[in-house]
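Listed below are the residues making up each chain.
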Amino acid sequence: MEFLQQFINGLSLGSVYALIALGYTMVYGVLRFINFAHSDILMLGAFAAFYLSPIVEKFCGPQSPVGAILVVILAAAICAIIGTLIEFFAYRPLRGRPKLTVLITAIGVSLFIEFTCQHGKVFGSNPRPFPKLLNDTQFHFGKLAIGSNDVIVLLVTAMLLVGIWFLVQKTRVGTALRAVSYNQQAAALMGVPVNRIISFTFAVGSALAAIAGILYSMKFPAIEPLMGVQPGLRAFIAAVVGGIGNIPGAVLGGLIIGLLETFAGGIPGLSNYRDAIAFGILILILFFKPAGLLGRSTVEKV
Amino acid sequence: MKSLPSSLTAASLAAVFALGLTGCKSGGGDTIKVGEYASLTGKEATYGAAMHEGTMLAIEEVNAAGGVLGKQIELIVEDDQSKAGEPANAVNKLISKDGVVAVLGEFASSRSLEGGPICQENKIPMISPGSTNPAVTQVGDYIFRVCFTDPFQGAALANFANGTLKAKKVAILTDVKSDYSKGLAKYFKEKYLAGGGELAAELDFNGGDKDFKAQLTTIKNSSPDAIFIPGYYNDVALICIQAKQLGIDVPLFGGDGWESHMLLEIGKDAVEGHYFSTHCLTDQDTPKMKSFVEAYTKRYNKAPDAMSTLGYDSAMVLIDAMKRAGTTESAALRDAIAATKDYEGVSGTFSLDENRDAVKPLVFAQIKNGKFVYSATVNP
Amino acid sequence: MLKFGAKRWLFIGIALAIAASFLSPNFNRYYLGVGIDVGIAIILAVSLNLINGHTGQFSLGHAGFMAVGGYFAAWISLKLGESAEVFFPLSLLAGGLFAALIGLFVGIPSLRLRGDYLAIVTLGFGEIIRVVAQNTEAIGAASGLKGIPKLTNLGWTFGLAALTIYIITALVNSTYGRGFLAVHDDEIAAESSGINTTRYKVVAFVTGSFFAGIAGGLYAHHKQFLAPTGFDWLKSVEIVVMVILGGMGRTAGVVAAAILLTLLPEFLREVSEYRMILYALLIIFLMILRPEGLFAFKLKRRQTS
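Residues numbered from 1 in each chain as written. Chains lettered and ligands numbered in written order. Predicted model: local features only at pLDDT ≥ 70, side-chain atom pairs only at ≥ 80, totals over all residues.

Asks: Which parts of the structure should I look at to understand the overall build of chain B?
Replies: Each helix and strand counted, chain B has 13 helices and 15 strands in total. Taken over the C-alpha trace, chain B has a radius of gyration of 22 Å; the compact-globule value for 380 residues is 21 Å, and the two agree within 12%. Its C-alpha atoms give chain B principal-axis dimensions of about 65 × 65 × 40 Å. Taking the intrachain contacts of chain B between residues at least 6 apart in sequence as the baseline, contacts between residues at least 24 apart amount to 66%. (Helix = DSSP H or I, 4+ residues; strand = E, 2+ residues; numbered from the N terminus. Rg over C-alpha atoms; globule rule 2.2 N^0.38 Å. Contact = placed C-beta atoms within 7 Å.)

Rendered as structure tokens:
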């Protein structure tokens, strides 16, 4: 029974990681760089919902599903705009520069968002209670407990996974996206609007981050400017474990990290090492499968 | 190969640079300079800011009333960004560059332990508002605190578990990232086991974690009578929520880290019925507290918490000592602070003992109807 | 010419450092403290420059190795008690060697990875080191290691800083050291020319870790208190920024950047609430406007090769 409960706990945590990892993997798949600011967009998404929900509540009433969906869509739209702007101002001027330059810029952007939001005149560093967007009903089956929010997180992750997969594999934009990912210059020569495709990727990635941020805050209803750092890092590891750039891999990695962390967290004497577990898995996986579980290893050619 | 000589030049230049910067004198002036180092930004800014606001209020009140020893007090504040390594520079700057006569700070024991040795070395009195780790004042005879210590609080909590809660089996959930949490857990455990209690389970988390269901599931299966959580309110609120979701219905209890109105706002109905010990409650019916809450609310447009009362008290104890010493000369000031007796502070009446720790009562509170309700006082 | 010139500068640097340490009791302690911070930052930045700059790898775990050396040296000093002062150089050396050992242990497997993968793995190792420190009671666990004797002074710091610069520069400019640059310029080409790239990478990594460990030892005996939270990945980022600001692989620039970035926060104390925001903006603008480093003027690194 305890095992089953931990399994449910792990699945629910892992699906949030998976959702965040999806965004990382999308951007990495196209641009081949780690968007460190992804975790901060997640935080901005949560704060957007925090400020939007009282307004939406006036029209839709408290805890109405329509209102919740409206909040999520608006927050995702806001974050999509922010993500596109970040790409335009900070990353686009660096197109074609060494990867490390872009990586460091991304760290800079991430620190900028975090410290700006921590400033007393912006959000401040105090945690804030996240509004109840939906009523969280707890179902108890014998000794097992499952919350309705956990089920929603799981469903949304599954839906978005299918949606993103469809977008990338079956649509015209997706074809262009894969072309840019494969070879930017060749894609440009074939008439693919590379800049627009990259902006689009950032918009989708940031919208995903916002949705993940809101779901995360529904599960853990205390939001503050540094809230994205920890799940962001874990989700990034999840993306690498699954094979970065690979969409099902991100979900697989997220679930693995979530489950292992939960099982370790429940063992006395091991729970104090929980922070190191995700990294431990990452290092192990990279030694044995440097491209991740589902990633294809590429040989660099001269 | 031009870079080598020039880089060495740079290194030696830096040495010379440091050489050239010799002491800038701290003049007498017409103000008394008091230093404060606090975590105003960074991870623990929420506590640092609350403490700092209390300190500021005290200094402003004293200055408005004409200052002390015929002079106004100038509070020089340094932010240590909640970061290890920073307090040393901040305190060095306060003492050696600004020439402060006394230092107030920090709330976190780990940062007080970094700033303390510098104050001791320079023989500048330091008063910590909220560091409860016993090691802080053991640094030397110039280091004081206006709060109780972990051993005292841990023992009080153990008696509470054995006596009031009559809990035969307690589970402990410790924040391994925090020395405060580990210390409190240790002293609680010693006393609780000695009192005949039994541990159901011992699990750890890392401060700042959001998911505690893994630990709570194990705890739930160990069927404890109560769960002890020595942690800070932001983690505790989420722990309470998740405990409720898992259907845990035994009381949860903890120490002064719980005390914040944010616990109520985030935890909502999930924190209902749980207990904690703290320095004081801001709705206590003492004249000092009433006027403090009124002044604080007027100044900052929000309600204070215990950390703010401690910040306020630390500054007021210093000023009281200055008045009694009649000077700000360091040895005399130190002796005056050490002689603080039956001082009527906002957070309670206390004396400083031979270890320079405040001997003061502790209060227990229960959360009822979304409020902290006074339940008992424990005298030392 | 190289050997003679380099040594002369080294001796001048050390002589200055010794002179400074004799005079230091007269200094204002705040400036003295900041001066030592500068020296430690120079060692950290120059040693990371060997890994990130000269060899072109990307480590985000330098603070972890600093922690290893710092904790180990401090632990020895505390065990020695009274005689810690006599054995101070040996404690520092032991801290450095232990950090190098951990560096070897981390480096051999992870240096097969490239670019951002390596960055994330080293970040991971740095975090694991922090978590281990946090859970080891022998070194104070979360409460930190306190009561470390104050043994670091200007002399030791700048003497060792000069030595670090000398050794690393001499290493890079030696025949052997050409291998680092080859790995930096084109790993595949280097590999094809029969250079054992992994070995060069590991050597760079271990040497870098050794000096990070030395810096950690100096830091421990300077601050007299170590807490695991002081070695999180933001600390590593700080060192990385010094290397980038100075211009990867440009020793003089990196030294200048280390000095600048350690002094800057002290000057920005007045506006402390905006300090970190400015810092983040600095990183972004620097990367966009001067990716070669702030101090990269005419000095082209590869002139001599």
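Alright, that's what it looks like, and here's the rest.
Asks: Can you help me understand the overall build of chain A in this one?
Replies: Each helix and strand in chain A was counted, giving 11 helices and 4 strands. Over its C-alpha atoms chain A spans a radius of gyration of 19 Å, differing by no more than 12% from the 19 Å that the globule rule assigns to 302 residues. Oriented by its inertia axes, the alpha-carbon framework of chain A measures out at about 60 × 50 × 40 Å. Taking all 302 residues of chain A together, 56% fall into the buried category. Sequence separation of 24 or more characterises 75% of the internal contacts of chain A that already satisfy a separation of 6 or more. (Buried ≥ 20, exposed ≤ 12 C-beta atoms within 10 Å, placed from the backbone.)

Asks: Just checking my understanding: could you explain the pairing of strand S2 (residues 72-79) of chain B for this structure?
Replies: As a general feature of sheets, a regular strand has side chains that alternate between the two faces. Residues and elements named next belong to chain B. Examined bridge by bridge, strand S1 (residues 31-38) and S2 share 8 bridges and lie parallel to one another. Note that in S2 the partner of Thr31 across the bridge is Gln72. In this region the chain leaves S1, passes through helix H2 (residues 45-64) and returns to the parallel neighbour S2; the handedness of that crossover is right-handed. (Pairing = 2+ DSSP bridges. Right-handed = clockwise from strand over helix to strand, strands pointing away.)

Asks: Even after reading the chapter, I still don't get unusual backbone geometry, so can you show me in this structure?
Replies: Note on backbone geometry: most residues besides glycine have negative phi, and most peptide bonds are trans. Along the chain, B:Gly105 connects to B:Glu106 via a cis peptide bond; the corresponding omega equals -15°. Positive phi outside glycine occurs at A:Gln63, with the angle close to 55°. The residue A:Gln63 is located in the loop between helix H2 (38-60) and helix H3 (65-91) in this model. Despite not being glycine, B:Ser82 shows a phi value in the positive range, around 55°.

Asks: What am I meant to see in the sheet that holds strand S5 (residues 143-145) of chain B here?
Replies: By definition, the strands of a sheet pair up through backbone hydrogen bonds, in either a parallel or an antiparallel sense. All names here are of chain B. Taking strand neighbours across the sheet as the criterion, the 5 strands line up as S2-S1-S3-S4-S5 in an open arrangement whose pairing is parallel. Pairing within the sheet leaves two strands with one partner each, and these edge strands are S2 and S5. Neighbour-to-neighbour, the strand axes of this sheet turn through a mean angle of 25°, independent of strand direction. Of the pairings in the sheet, the one linking strand S3 (residues 102-104) to strand S4 (residues 126-128) comprises 2 bridges and is parallel in character. Across the sheet, Val103 pairs through a bridge with Met126, a residue of S4. Packed on one face of the sheet, helix H3 (residues 86-97) meets S1, S2 and S3 and runs near 180° to S1. (Axes fitted to C-alpha atoms, helices over the stretch in contact; angles between N-to-C directions.)

Asks: What is the right way to look at the nonpolar core in this model?
Replies: The tendency in soluble globular proteins is for nonpolar side chains to be buried side by side. Ranked by internal contacts, the top residues of the largest apolar core, which has 348 residues, are A:Cys79 and C:Ala45. Here this core gathers at least three residues from each of two domains, domain 1 (31-148 + 285-360) and domain 2 (151-278) of chain B. Once you skip the residues sitting within four places of it in the chain, C:Ala45 turns out to touch C:Ile239, C:Met242, C:Val243, C:Gly246, C:Val254, C:Ala257 and C:Ala258. (Core = buried A, V, L, I, M, F, W, Y, C linked by C-beta atoms within 7 Å. Domains from an automatic or database assignment.)

Asks: Teacher, can you tell me more about the interface of chain B and chain A here?
Replies: By a widely used convention, the size of an interface equals the accessible area lost when the partners come together. Counting from both sides, the interface comprises 30 residues of chain B and, opposite them, 27 residues of chain A. Only H2, strand S7 (198-205), helix H8 (213-221), helix H9 (233-245) and helix H10 (261-267) of chain B provide two or more residues apiece to the side of chain B that touches chain A. When grouped by side-chain class, the residues that make up the side of chain B that touches chain A number 12 nonpolar, 11 polar and 7 charged. (Nonpolar A, V, L, I, M, F, W, Y, C, P; charged D, E, K, R; others polar.)

Asks: Looking at this model, I keep getting lost on the packing of helix H1 (residues 2-31) of chain A against H8(B). Mind explaining?
Replies: How two helices sit against one another is set out by the angle between their axes and by the gap between those axes. Following both chains from N to C, one finds H1(A) and H8(B) inclined at 165°, their axes separated by 9 Å at the closest point. As judged from the angle between their axes, H1(A) and H8(B) are roughly antiparallel. Read as a crossing pair, H1(A) and H8(B) show a hand that is right-handed. Within the contact between the two elements, H1(A) uses A:Glu2, A:Gln5, A:Gln6 and A:Asn9 and H8(B) uses B:Lys213, B:Ala214, B:Thr217 and B:Asn221. Partitioned by chemical class, the residues of the contact of H1(A) with H8(B) number 1 nonpolar, 5 polar and 2 charged. (Parallel < 35°, antiparallel > 145°, perpendicular 65-115°, else oblique. Left-handed = near helix turned anticlockwise from the far one by under 90°.)

Asks: Would you mind showing me how to read H2(A) here?
Replies: At A:Ser53, H2(A) shows its maximal bend, which comes to roughly 40°, and the proline A:Pro54 appears one to four places after that position. Two residues or fewer after H2(A) comes A:Gly61, characterised by a positive phi angle close to 80°. (Bend = angle between axes of the 7 residues up to and from the residue.)

Asks: Explain the sheet that holds strand S10 (residues 275-278) of chain B here, please?
Replies: Residue and element names in this part refer to chain B. In space, the 7 strands of this open sheet follow the order S7-S6-S8-S9-S10-S14-S15, with mixed pairing throughout. Two strands in the sheet have a free side with no partner beyond their single neighbour: S7 and strand S15 (371-378). Sheet twist, expressed as the mean angle between neighbouring strand axes with direction ignored, is 25°. Pairing of strand S14 (residues 362-368) with S15, which is carried by 7 bridges, proceeds in the antiparallel orientation. In the sheet register, Leu362 faces S15, and the bridge partner there is Val378. Those strands touched by H8 are strand S6 (169-175), S7 and strand S8 (226-228), and its axis lies near 175° from that of S7.

Asks: I would appreciate a short explanation of the domain arrangement of chain B in the present structure.
Replies: One can read the domain layout of chain B as domain 1 (31-148 + 285-360) and domain 2 (151-278). Taking the mean C-alpha position of each, domain 1 of chain B and domain 2 of chain B sit 29 Å from one another.

Asks: Help me out: how do you make sense of the environment of A:Arg274 in this one?
Replies: Within the secondary structure, A:Arg274 sits in helix H11 (residues 274-288). Judged by local crowding, A:Arg274 falls into the buried class, with 25 C-beta atoms found within 10 Å. Sequence-wise, A:Arg274 and A:Glu261 are 13 residues apart; in three dimensions their C-alpha atoms are separated by 6.3 Å. Apart from residues no more than four positions distant in its own chain, A:Arg274 is found in contact with A:Glu261, A:Ala264, A:Gly265 and B:Asn206.

Asks: Explanation requested: the pairing of strand S3 (residues 144-147) of chain A in the structure shown.
Replies: Residue and element names in this part refer to chain A. Burial along S3 is one-sided: the residues Ala145 and Gly147 are buried and none of Leu144 and Ile146 is. As paired elements, strand S2 (residues 138-141) and S3 share 4 bridges and run antiparallel to each other. Looking at the pairing, Phe139 lines up with Ile146 of S3. Between S2 and S3, which pair antiparallel and follow one another directly, the connecting turn spans 2 residues, one of which, Gly142, has a positive phi of 60°.

Asks: Would you take a moment to explain helix H7 (residues 179-194) of chain B for this structure?
Replies: Side chains three or four residues apart in an α-helix point the same way, a direct result of the helix having 3.6 residues per turn. All names here are of chain B. Taking 1.5 Å per residue, 16 residues should reach 22 Å; H7 reaches 23 Å between its end C-alpha atoms and fits that length. Here H7 has its buried residues at Asp179, Tyr180, Ser181, Lys182, Gly183, Leu184, Ala185, Tyr187, Phe188 and Tyr192. Buried residues in H7 make contact with helix H4 (109-122), helix H6 (150-162), S6 and S8. (Expected span 1.5 Å × (residues − 1).)

Asks: What am I meant to see in the confidence of the model for chain B here?
Replies: For residues with low pLDDT, the predicted coordinates do not support detailed interpretation. All names here are of chain B. Overall, the prediction assigns chain B a mean pLDDT of 89, with 92% of residues at 70 or greater. Here helix H1 (residues 3-20) is the element of chain B with the lowest mean pLDDT, 45, and S8 is the one with the highest, 97. Low pLDDT (under 50) marks residues 1-27, which in the prediction has 66 contacts with non-local residues, meaning those over four places away or in another chain. Predicted complex, confidence summary: ipTM 0.92, pTM 0.89. (pLDDT = per-residue confidence, 0-100.)

Asks: What exactly am I supposed to notice about the packing of helix H3 (residues 62-80) of chain C against helix H5 (residues 115-135) of chain C here?
Replies: Residue and element names in this part refer to chain C. At their nearest, the axes of H3 and H5 sit 8 Å apart, and the two run at 35° to each other. Contacts between H3 and H5 pair Ala63, Gly64, Ala67, Val68 and Tyr71 from the former with Phe125, Gly126, Ile129, Arg130 and Ala133 from the latter. Taken together, the residues of the contact of H3 with H5 break down into 7 nonpolar, 2 polar and 1 charged.

Asks: Help me understand the environment of A:Ile8 in this model?
Replies: Mapped onto the elements of the fold, A:Ile8 is located in helix H1. The contact partners of A:Ile8, leaving out residues within four places of it in the chain, are A:Leu144 and A:Ile146.

Asks: Please clarify how the environment of C:His221 should be interpreted in this entry.
Replies: Positionally, C:His221 belongs in helix H9 (residues 197-223). In this view, C:His221 contacts C:Ala74, C:Ser77, C:Ile148, C:Pro149, C:Lys150, C:Leu151 and C:Thr152; residues no more than four positions away in its chain are not counted.

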